[in-house]
Amino acid sequence: MIQYLDNIHHKDSKNFFLIAGPCIIEGEDMALRIAEKVISITDKYNIPYIFKGSFKKANRSRVDSFTTIGEEKSLEILKKVGETFNIPTTTDIHENEHAALAAQYVDVLQIPAFLVRQTDLLVAAAQTGKCVTLKKGQFLSPESMKFAVQKITDSNNQKVAIIERGNSFGYTDLIVDYRGIPTMREYAPVILDVTHSLQQPNQSSGVTGGRPDLIETVAKAGIAVGADGIFIETHPTPETALSDGANMLRLDLLEDLLKKLTRIRESIL
């Protein structure tokens, strides 16, 4: 997928690529500070980097959960991050009309896991001509993602990748089946969403939990089995994050993790 992004750095490094940023855009200053920090690390280790931030969260458990600082405001911030640092950006979309809207501001459109079977949404994303990432539903087999990919390619868009984010394991946990990564790589490049794979959904409080202590373990395994990219939500202070703080990586821990993952990548090439 990254071969289609003209503004991505280190494209020829043979390293894995990284999608990282806050769960949701909380403000311009924070977005720029996170991007700047991640860029300083990815430049050091020759990692192609795409900045991620949701412009709106539509898939919250409770109606009083935080959803956005403003749709257009958040998209303008994503655009500014991309222009300031000359890097690609991505955000998730939840409605058909969001595809054309977000495509005016970002380089990659992400389809959420719960919506990856929604044909009209996938076709709308594909028809923008942007790169499209498809999160595998927690309820889907790796083999079933072949048909989601086909919805994009049958819409005359070859710029597609799959994001693995774990499968439901009981009511309140997820587990990654690493056998699925080589299977799905037969259909498209595969990105391991490390932090969302460590969510603990459906908590009685209505707020998702997580296991950030296992981020390094899951990420190492993903690189070892051949994931093309890694997806990590990160925040300077996850405990104060407005969304998904329970499973995010603290920003000051990112460099050590990426250093280790780069070494693993080098060892398997």
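Refer to the structure presented above.
Position labels on residues start from 1 in each chain and follow its written sequence. In keeping with the predicted nature of the model, local features appear solely for residues at pLDDT of at least 70, side-chain atom pairs appear and are counted solely at 80 or more, and the whole-chain, interface and lining totals rest on all residues. Note that water and hydrogens are dropped before the side-chain values are worked out from all heavy atoms of the structure.

## Regarding the overall build of the protein
Stated precisely, the cut-off is as follows: Put simply, DSSP marks the helices as runs of H or I at least four residues long and the strands as runs of E at least two long, and each gets a number from the N terminus on. C-alpha atoms define the radius of gyration in this analysis, and the globule rule sets the expected value at 2.2 Å times the number of residues to the power 0.38. A simple rule labels every residue: compare its accessible area, found with a 1.4 Å probe on the protein chains alone, to the largest value its type can have, and call it buried under 20%, exposed over 50%, or partly exposed in between. Computed by Shrake-Rupley with a 1.4 Å probe, the accessible areas treat only the displayed protein chains as cover when residues are assessed. By the counting scheme adopted, Arg and Lys are positive, Glu and Asp are negative, and His together with the chain ends is not counted. Where a charge sits is defined by one atom per residue type, namely NZ (Lys), CZ (Arg), CG (Asp) or CD (Glu).
In terms of regular secondary structure, the protein is built from 9 helices and 13 strands. Relative to the compact-globule value of 18 Å for 269 residues, the protein shows a C-alpha radius of gyration of 17 Å, a close match. Looking at the protein as a whole, 54% of its 269 residues qualify as buried. Accessible area for the protein stands at about 11,500 Å²; split by element, carbon and sulfur atoms hold 47% of it. For the protein, the separation between the mean place of its 30 positive charges and that of its 34 negative charges on side chains is 3 Å.

## What to know about helix 1 (residues 28-44)
Residues spaced three or four apart along an α-helix face the same direction, because each turn holds 3.6 residues. Where we set the bar: A helix's residues, less one, multiplied by 1.5 Å, set its expected span. In this description, contact between two residues means that some pair of their heavy atoms is separated by no more than 4.5 Å.
Taking 1.5 Å of rise per residue, 17 residues should cover 24 Å, and helix 1 covers 25 Å from first to last C-alpha, within 8% of that figure. Of all the residues in helix 1, the buried ones are Met-30, Ala-31, Leu-32, Ile-34, Ala-35, Val-38, Ile-39, Ile-41 and Thr-42. For helix 1, the elements touching its buried residues are strand 1 (17-21), strand 2 (49-52), helix 2 (71-85), strand 12 (229-235) and helix 9 (254-268). Asn-46 sits one or two positions beyond helix 1 and adopts a positive phi of about 55 degrees.

## Focus: the side chain of His-196
Heads up, the rule is: Polar contact is defined as a pair of N or O atoms within 3.5 Å, subject to the rule that within protein one atom must be able to donate a hydrogen and the other to accept it, and that residues adjacent in sequence are counted only when both atoms are side-chain atoms.
Position of His-196 relative to the elements: it lies in helix 7 (residues 194-197). Taking the relative accessible area as the measure of exposure, His-196 reaches 5% and is therefore buried. Within polar-contact distance, the side chain of His-196 engages the side chain of Lys-135 at 3.2 Å. Those residues in contact with His-196 that sit more than four places away from it in its chain are Lys-135, Arg-165, Leu-174, Phe-231, Glu-233, Asp-244 and Asn-247.

## Let's talk about unusual backbone geometry
A positive phi angle, close to 60 degrees, is found at His-10, a residue other than glycine. The topology assignment puts His-10 in the segment before strand 1. The backbone of Asn-156 sits at a positive phi, close to 65 degrees, despite the residue not being glycine. In this structure, Asn-156 sits in the loop between helix 5 (145-153) and strand 6 (160-164).

## Describing the environment of Thr-68
Looking at where Thr-68 falls in the secondary structure, it is placed in the loop between strand 2 and helix 2. Overall, the relative accessible area of 22% leaves Thr-68 in the partly exposed class. Taking the C-alpha atoms as reference points, Thr-68 and Glu-26, separated by 42 residues in sequence, lie 7.7 Å from one another.

## Things to note about the pattern of salt bridges
Side chains that differ in sign of charge can pair as their charged atoms come close. Operational definition: Salt bridge criterion: a side-chain nitrogen from Lys or Arg within 4 Å of a carboxyl oxygen from Asp or Glu.
Counted by the stated rule, this structure contains 14 salt bridges. Here Glu-71 and Lys-56 are joined by a salt bridge, their closest N and O atoms 3.1 Å apart. Placement of Glu-71 in helix 2 and of Lys-56 in the loop between strand 2 and helix 2 is noted, with a sequence separation of 15 residues between them. Looking at Glu-71, the relative accessible area reads 27%, which means it is partly exposed. Residue Glu-216 pairs with Lys-220 through a salt bridge whose shortest N-O separation is 2.6 Å. Pair noted here: Glu-216 and Lys-220 are both in helix 8 (residues 215-224), with a separation of 4 residues, about one helical turn.

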